[in-house]
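Listed below are the residues making up each chain.
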Amino acid sequence: MDFSVARRRMVEEQLRARGVSDERVLEAMSKVPRHLFVEPGLQSHAYSDASLPIGDKQTISQPYMVAAMSAALELRGKERILEIGTGSGYQSAVLSVLANRVYSIERISSLAGRARRILDQLRMSNVNIKVGDGTIGWRDQAPFDGILVAAGAPEVPTEYLQQLEVGGKLVLPVGDRQQQILLRLTRLEDGSFKREQLMGCRFVPLIGEQGWQAELTG
Ligand code: SAH
């Protein structure tokens, strides 16, 4: 199977055709080898228009969602980004190409370890991964120019707003456990936030202090 051909088709048919127009995002997604981030048995589906299981009841997001969320951050290359929910590490890899530094938090240590190994193999050394509860952000490294949350929250965790730079953007799914709305909040100079609804979506739950309770999942 020629993965680079599948990847180019993914970019044209799933991303550009659906309105993703940020050329840096399209370029990043035509380069990052998504098949390395999925389970070996699912490699032939790596460039299909779907989320896929990565173990521990978690998923690698659909390519379109990764592209849309990355584009919503409007990155130019100098930014410091906080990502919540490293999962497979695929979204982190895309952000690694688009921004200057990526700080990513994952609550399941086996996933974090696996993501680290793949990112090391790709020499993506500008991604820092830590295991822990990402609902409280990463205070030592704040403020961030962008925060991307890859799991669905019941409401906007207030810590994220506090850890955002002026002009910085927070992109996150908010809703119930089954479905959410993808929101973008931009921090304005007067300290208030511009709030936009981008699209409907379905993510696994954000579990933690300012998210859902762990015992209710499954
Ligand atoms: N962006 C990932 C998709 C991750 S799925 C990818 O490209 O593969 C969402 C991830 O969020 C899961 O791995 C889940 O374990 C993690 N997660 C859920 N709640 C979390 C929390 N409070 N802190 C950190 N990670 C969390």
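The preceding data block contains the structure.
My aim in this report is to walk through the structure given alongside it, one point at a time. (Residues numbered from 1 in each chain as written. Predicted model: local features only at pLDDT ≥ 70, side-chain atom pairs only at ≥ 80, totals over all residues. Heavy atoms only, no water.)

A short note on the pattern of salt bridges
Scanning the entire structure with this criterion turns up 11 salt bridges. The salt bridge involving Asp 49 is made with Arg 18; its shortest N-O contact spans 2.4 Å. Taken as a pair, Asp 49 in the loop between helix 2 (23-31) and strand 1 (52-55) and Arg 18 in the loop between helix 1 (3-15) and helix 2 lie far apart in primary sequence, 31 residues in all. The exposure class assigned to Arg 18 is partly exposed, which follows from its relative accessible area of 39%. With its nearest N and O atoms 3.1 Å apart, the salt bridge here joins Asp 120 to Arg 116. Of this pair, Asp 120 and Arg 116 both sit in helix 5 (residues 109-121), 4 residues apart, roughly one helical turn. (Salt bridge = Lys/Arg side-chain N within 4 Å of Asp/Glu carboxyl O. Helix = DSSP H or I, 4+ residues; strand = E, 2+ residues; numbered from the N terminus. Buried < 20%, exposed > 50% of the residue type's maximum accessible area, 1.4 Å probe, protein only.)

Quick look at empty space enclosed by the protein
Inspection of the entire model under this criterion finds 1 cavity of 30 Å³ or more. Approximately 360 Å³ is the volume found for the largest cavity. As for the largest cavity, its lining consists of 29 residues, and the residues nearest its centre are Gly 85, Thr 86, Gly 87, Glu 106 and Ala 150. Residue assignment for the lining of the largest cavity shows that the elements contributing at least two residues are strand 2 (58-60), strand 3 (80-84), helix 4 (90-98) and strand 4 (101-106). Counting residues per element, the lining of the largest cavity draws most heavily on strand 2, at 3 residues. (1 Å grid on protein atoms, 1.4 Å probe; cavity = no way out; pocket = protein on both sides within 12 Å on 5 of 7 lines; lining within 4 Å. Points joined across faces, edges and corners; volume = space filled by probe spheres on them.)

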